[in-house]
Amino acid sequence: LQQNQQPEGLRPVNLLQERNILPSTPVKAPIPNLHKDLQRLNSKSDVFRCTLTNIPQTQSLLNKAKLPLGLHLHPFRDLSQLPVVTSSTIVRCRSCRTYINPFVNFLDQRRWKCNLCYRVNDVPEEFMYNPVTRSYGEPHKRPEVQSATIEFIAPSEYMLRPPQPAVYLYVLDVSHNAVESGYLNTVCQSLLENLNVLPGDSRMRIGFITFDSTVHFYNLQEGLSQPQMMVVSDIEDIFIPTPDNLLVNLNESKELIEDLLRALPQMFSNTSETQSALGPALQAAFKLLSPTGGRASVFQTQLPSIGVGALKPREDPSQRSSVKDVQHLSPAIDFYKKLALDCSGQQIAVDLFLLNGQYSDLASLTCISKYSAGCIYYYPSYHHKHNPALMEKFEKEIKRYLTRKVGFEAVMRIRCTKGLAIHTFHGNFFVRSTDLLSLPNINPDAGFAVQMSIEENLTDVQLVSFQAALLYTSSKGERRIRVHTMCLPVVNSLADIYAGADVQAITCLLASMAVDRSILSSLSDARDALVNAVIDSLSTYRSAVLSQQQQQQPGVMCPASLQLFPLYVLSLLKQKAFRTGTNTRLDDRLFCMCEVKYQPVAYLMLMVHPSLYKVDNLSDEGCMHINEKTVPQPPILQLSVEKLSRDGAFLMDAGCVLFLWVGKNCGSHFVNQVLGVSNYSSIPQNMMQLPELDTAESQRTRAFISWLRDQRPFFPVLHVIKDESPLKANFLQNMVEDRTESALSYYEFLLHIQQQVNK
Ligand SMILES: [Zn+2]
């Protein structure tokens, strides 16, 4: 560390005085305080990120700092560049199995010292040759030690069985409710359009199950003139009517599959079946996929009502605005968790698409995906006619889902330097042993987090490293290992810990911890813990870091690195997951909790603390040029109605939703040239799309919105909000700095913090 100069992260900020702390450009992850040669090689913050970029030397120092130590990972994200290495020997430490990486030490040409366990290892002969430079004798120039993110093609010892083919099973609710929603058409249409681009090779297999009060299988054997539907009505003892020909080779049975996809949306159009035997349908899916593993995509539109796994309505609508503790956050039955663990054991991941009009007990249902490394999609009140914007969202997201890359039969291990230990994991997976996550599927949009403790003092070391290794089978049948390594400095003072704090990483980790606490203890405990994290860390900073003179200053003193911490925690408290006193449906709350647990930091932060922009006067000043398009870059504004003006228009990016608020006196220019109507009163209620007008203003606004949408794998719906819009409340809910009936304003929250810190 540079001793003479106070790091920027440690600059004291008085939050009660400084009212403009929110930067006008997106907050970036702090850069670890490493020598520039090491930093140049370090993993990127969008893949691997630590809450404390300066690692405390001891657990007692960490305890004093009152900040959580943990990592965020987005291990399989789409990358624009990825070095891929094919070599018959993958060089790993003989003692701790760490992969050779940029942060090892070469003692000489022939020996390297492991940066995790310090064992000295021999450099194998093969490693002496560098395939990139085609030169011999420079092992430190190999790609493995020049890139923190790398992928190996794994030799045969990395597989327990031949690489499995890509296998996709679609499990579709066809009850009256499901047919009424019209989702089937969208799914089948999207599958038809993307059948040729599903990830896989010539061995790819595909199958379908539909269900209402019974479970229906489809024989798609090559040579049949049309698909044969087989109904199993004994749902108490589900069996597979014909084990072959249900999961068929896509290429061989393509015509039959296409026939089925064209027929399915009409097949049940006159159904009077209201029951939903989801449990038995999932059991059938498990049996069908067990021999190979694969991906089950389950589409469900209501509470499962019959057979195993049936659930009862538990939500009391009168409690939706309760200020007291919320009930029924944990699963009602363990059927879905148990089945998920069975699935995990057979390399089956279950993805859940819930398109429900009414309470469907997400707390219970999501377990099927949580423990099988699946993903969860939620479209409340989905209807193809009444809710066209949600349909567009569903179309876009299902397309991404079907075409994004996928890894099968995966495991991920996270190693850290001796002395550090991982004790809690967050995300969707099953923990097989202390540091091994079982991931039947790995998708490029999944995030993970871990909490760590310091078991042995790091007194003798200046640097520690973290390495995540993801072993998976690609959709082309290759066994691959993607490895990310991050290196961070060790410090021995509280000041240095605060100087390196990553406020967004801390906020997201606390959010995951708060979800666990809400479920295991209570929502009020979780909320208290969030507030206490702010109070405790700022108290310590005040008493242990600030000088006597600085301590005398009135206000809320905070290191610059944490200046957004109170604001972010207040935002968390106002999130659907954790808020009280505001009408919140139980399933909405549960879904928000799921997102907290598996969204990577960048996307989660947008949901926690949306970005607000003024958009009625977008200009080309400071714009970006992407794909020959000019994309305006307006400054980010604070989330307070004070920042709005009646004569303007403002866009709020809340991650999964965009709000375009139009002031009552908004200039007719914007109303005409962007919204395409003559005046404010002609803006339609429920407007959800911007017309494609041939005006500079329209082009700028649409370019900005589509650029925002392109930054994330999910599709945010746009709502145009007028003063009298019913959705105005949702928009204002995100104005986290303002006071609401049931929640403090940012200023009040700071006063509360001040009171507690000065106690
Ligand atoms: Zn080692």
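Everything numeric here is computed off the predicted structure, so don't read it as measured data.

(A) Fine view of the overall build of the chain. For the chain, the count of helices and strands is 21 helices and 33 strands. Against the globule reference of 27 Å for 759 residues, the chain gives a C-alpha radius of gyration of 27 Å, in line with a compact fold. With the C-alpha coordinates of the chain rotated into their principal frame, the extents come out at 85 × 75 × 55 Å. Per-residue burial over the chain gives 60% buried out of 759 residues. The long-range fraction of contacts in the chain, counting pairs at least 24 apart against all pairs at least 6 apart in sequence, stands at 75%. When the accessible surface of the chain is summed, it comes to about 31000 Å², and 47% of that surface belongs to carbon and sulfur atoms. Side chains of the chain give 71 positive and 71 negative charges; the mean places of these two sets differ by 5 Å.

(B) Fine view of the side chain of Ser475. Relative to the assigned elements, Ser475 resides in the loop between strand S25 (463–474) and strand S26 (479–491). Once residues lying within four places of it in the same chain are set aside, the contact partners of Ser475 are Ala166, Pro199, Gly200, Asp201, Val406 and Phe408.

(C) Representation of helix H10 (residues 388–403) within the structure. Over its 16 residues, H10 extends 23 Å from the first C-alpha to the last, a length consistent with the 22 Å expected when each residue adds 1.5 Å. Burial in H10 covers these residues: Ala389, Leu390, Glu392, Lys393, Phe394, Glu397, Ile398, Tyr401 and Leu402. For H10, the elements touching its buried residues are strand S12 (167–173), helix H4 (183–194), strand S17 (294–300), strand S18 (348–354), strand S19 (376–378) and strand S33 (717–721).

(D) How the structure looks around helix H13 (residues 523–545). For H13, spanning 23 residues, the distance from its first C-alpha to its last is 33 Å, which sits close to the expected 33 Å at 1.5 Å a residue. If you check which residues of H13 are buried, you get Leu523, Ala526, Leu530, Val531, Ala533, Val534, Ile535, Ser537, Leu538, Thr540, Tyr541 and Arg542.

(E) View of the state of the cysteines. Within the structure shown, the criterion is met by zero disulfides. Residue Cys656 stays outside any disulfide, its sulfur separated by 7.8 Å from that of Cys592, the closest cysteine.

(F) Structural view of the sheet that holds strand S6 (residues 105–108). What the three strands build is an open sheet, ordered S6-S7-S8; its pairing is antiparallel. Each edge of the sheet is formed by a strand with only one pairing partner; in this case those strands are S6 and strand S8 (120–122). In this sheet, neighbouring strand axes are inclined to one another by 35° on average, regardless of whether the strands run parallel or antiparallel. Here strand S7 (residues 111–113) pairs with S8 via three bridges, running antiparallel. Its bridge partner being in S8, Lys113 is matched across the sheet by Val120.

(G) Region of interest: the pattern of salt bridges. Counted by the stated rule, this structure contains 34 salt bridges. With its nearest N and O atoms 3.0 Å apart, the salt bridge here joins Asp78 to Arg400. One end of the pair, Asp78, is in the loop between strand S4 (70–73) and strand S5 (84–86); the other, Arg400, is in helix H10, and 322 residues separate them in sequence. Using a relative accessible area of 22% as the deciding quantity, one classes Arg400 as partly exposed. A salt bridge links Arg413 to Asp435, with the shortest nitrogen-to-oxygen separation between them at 2.9 Å. Taken together, the positions of Arg413 in strand S20 (residues 407–416) and Asp435 in the loop between strand S22 (430–433) and strand S23 (436–442) put the pair 22 residues apart, joining distant regions of the chain. Of the residues examined, Arg413 reaches a relative accessible area of 27% and is grouped as partly exposed. Salt bridges sharing common partners tie together Asp78, Arg400, Arg404, Lys405 and Asp445.

Conventions we followed
Residues numbered from 1 in each chain as written. Predicted model: local features only at pLDDT ≥ 70, side-chain atom pairs only at ≥ 80, totals over all residues. Heavy atoms only, no water. Helix = DSSP H or I, 4+ residues; strand = E, 2+ residues; numbered from the N terminus. Rg over C-alpha atoms; globule rule 2.2 N^0.38 Å. Buried < 20%, exposed > 50% of the residue type's maximum accessible area, 1.4 Å probe, protein only. Contact = heavy atoms within 4.5 Å. Areas by Shrake-Rupley, 256 points an atom, 1.4 Å probe, with all protein chains shown as cover. Lys, Arg positive; Asp, Glu negative; His and termini not counted. Charge placed at Lys NZ, Arg CZ, Asp CG, Glu CD. Expected span 1.5 Å × (residues − 1). Disulfide = S-S within 2.5 Å. Pairing = 2+ DSSP bridges. Axes fitted to C-alpha atoms, helices over the stretch in contact; angles between N-to-C directions. Salt bridge = Lys/Arg side-chain N within 4 Å of Asp/Glu carboxyl O.

Nothing here speaks to function; it is geometry throughout.
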